[in-house]
Amino acid sequence: MRASDETLIGPDSGTRVVCANLSHLDAIVQIHQAAFEGFFLESLGSRFLKELYHGFISHPSGICLVAIDGMDVAGFVTGTTQPEGFFRQLLRRRWYAFVLAGAAALTRHPIRVGAKFLSALRYRGERPTDLTNASLLSSIGIAPSARGKGIGRNLISAFCEKAQEAGASTVFLTTDRDKNGTVNHFYISNGFKLHNTFLKERNRWMNLYTRSLIDIQLRMTATKHNT
Ligand SMILES: CC(C)(COP(=O)(O)OP(=O)(O)OC[C@H]1O[C@@H](n2cnc3c(N)ncnc32)[C@H](O)[C@@H]1OP(=O)(O)O)[C@@H](O)C(=O)NCCC(=O)NCCS
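Residues numbered from 1 in each chain as written. Predicted model: local features only at pLDDT ≥ 70, side-chain atom pairs only at ≥ 80, totals over all residues.

Draft legend 1. Summary view of the overall build of the protein chain. Of the regular secondary structure elements, the protein chain holds nine helices and eight strands. Against the compact-globule benchmark of 17 Å for 227 residues, the protein chain has a radius of gyration of 17 Å, which places it among compact chains. Considered along the principal axes of its C-alpha atoms, the protein chain spans approximately 60 × 40 × 35 Å. Put simply, of all contacts in the protein chain between residues at least 6 apart along the chain, 67% involve residues at least 24 apart. (Helix = DSSP H or I, 4+ residues; strand = E, 2+ residues; numbered from the N terminus. Rg over C-alpha atoms; globule rule 2.2 N^0.38 Å. Contact = placed C-beta atoms within 7 Å.)

Here it is as structure tokens:
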């Protein structure tokens, strides 16, 4: 069960990290649009993004956290503890809503957008076969004015704790290998290690990173023993 007002990190850190609820949807979409301008999902429009993040908030295997600074949402992180089934289930359950939400983009670029929809149905989160119990961190975005203040670090940390609580032993994610130095550095500085590199589309190489959750598990066990 999701306790949407449960504070996961803060208030010492200046911002509070909490589980997202539907009242945060518009802010999450706005931050996504600013953070991922020009990327495929952003090109599908705000209705589509709203439908997607609605899925992350409401699906039992979804994790969606927001950082609140004062009254404002300063950033979000989202993912799933079941990468294999999550996207397929979401699309199968709400395919009409996704098609309606992405209709304008579908009309503009039927082949490109249609092909992406089909590949989303097959998408399994690109989990490496040697990883079991692995949660996928799908995306993280911080409002441009709030970057560089440690909010991304807090969100990653809270995401890893949530994934560990849900039984995961590893978190994995993918990000562009090239011309993406800041983001690659950000993940490495947050404890992620390069697992492998793969070609996603023509000329688009991706880095796949993993982070073991054993440190969190050990800390939780120690806390339980001490109380
Ligand atoms: C990448 C992003 C999530 C980082 O969030 P943030 O809140 O600005 O990052 P933090 O302030 O928590 O920084 C944490 C670490 O990341 C590194 N980092 C963050 N921004 C950086 C930058 N612009 N240049 C270099 N390193 C940076 C820092 O090294 C920092 O480590 P340090 O504490 O050792 O200095 C944010 O810049 C963003 O939203 N970018 C656009 C969206 C995106 O690309 N998302 C990731 C792909 S899914």
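Draft legend 2. Here's a closer look at helix 4 (residues 83–101). Spanning 19 residues, helix 4 covers only 23 Å between terminal C-alpha atoms, well under the ideal 27 Å at 1.5 Å per step. In helix 4, a bend of some 85 degrees at Arg94 exceeds every other bend along the element. Along helix 4, the residues that are buried comprise Pro83, Phe86, Phe87, Leu90, Leu91, Phe98 and Ala101. (Expected span 1.5 Å × (residues − 1). Bend = angle between axes of the 7 residues up to and from the residue. Buried ≥ 20, exposed ≤ 12 C-beta atoms within 10 Å, placed from the backbone.)

Draft legend 3. Representation of the site of the ligand. The ligand sits among 18 residues. The nearest are Ala35, Arg147, Gly152, Arg153 and Phe186. Those elements that place two or more of their residues in the shell around the ligand are strand 5 (134–142), helix 7 (151–165) and helix 8 (181–189). No other element matches the five residues that helix 8 contributes to the shell around the ligand. The class makeup of the residues in the shell around the ligand is six nonpolar, nine polar and three charged. (Near = placed C-beta within 6 Å. Nonpolar A, V, L, I, M, F, W, Y, C, P; charged D, E, K, R; others polar.)

Draft legend 4. Looking closely at the confidence of the model for the protein chain. Looking at the protein chain as a whole, the pLDDT averages 89, with 95% of positions reaching at least 70. Taking the mean pLDDT of every element in the protein chain, the minimum, 74, falls on helix 6 (residues 110–122) and the maximum, 98, on helix 8. (pLDDT = per-residue confidence, 0-100.)

Draft legend 5. Representation of the packing of helix 1 (residues 25–35) against helix 3 (residues 46–58) in the model. Two elements in contact, helix 1 and helix 3, have axes separated by 9 Å at closest approach and are oriented at 120 degrees. When the axes of helix 1 and helix 3 are compared, the pair comes out oblique. Seen along the crossing, helix 1 lies across helix 3 with a hand that is right-handed. In contact with Leu25, Ile28, Val29, His32 and Gln33 of helix 1, helix 3 contributes Ser46, Leu49, Lys50, Tyr53 and His54. A breakdown of the residues in the contact of helix 1 with helix 3 according to their chemical character gives five nonpolar, four polar and one charged. (Axes fitted to C-alpha atoms, helices over the stretch in contact; angles between N-to-C directions. Parallel < 35°, antiparallel > 145°, perpendicular 65-115°, else oblique. Left-handed = near helix turned anticlockwise from the far one by under 90°.)

Draft legend 6. Region of interest: the environment of Ala27. Within the secondary structure, Ala27 sits in helix 1. Put simply, Ala27 and Ala101 are 74 residues apart on the chain and 18 Å apart in space, counted from C-alpha to C-alpha.

Draft legend 7. Representation of the sheet that holds strand 6 (residues 170–176) within the structure. Read from one edge of the open sheet, eight strands run 1-2-3-4-5-6-8-7, paired in mixed fashion. Every other strand in the sheet has two partners, leaving strand 1 (7–9) and strand 7 (193–201) as the edge strands with one partner each. Across this sheet, the average inter-strand angle for adjacent strands is 30 degrees, counted without regard to direction. Where strand 7 meets strand 8 (residues 204–212), seven bridges bridge the pair, whose relative direction is antiparallel. Following the sheet pairing, Phe198 is matched in strand 8 by Met206. Along the sheet face, helix 3 touches strand 3 (62–69) and strand 4 (72–80) and points at about 100 degrees away from the line of strand 3. (Pairing = 2+ DSSP bridges.)

Draft legend 8. Structural view of the nonpolar core. Leu65, Leu155 and Phe159 are the most contacted members of the largest nonpolar core, which totals 51 residues. Looking at this core element by element, the count peaks at seven residues for helix 7. Apart from the residues within four sequence positions on either side, Phe159 is in contact with Ile63, Leu65, Val77, Gly79, Leu137 and Val171. (Core = buried A, V, L, I, M, F, W, Y, C linked by C-beta atoms within 7 Å.)

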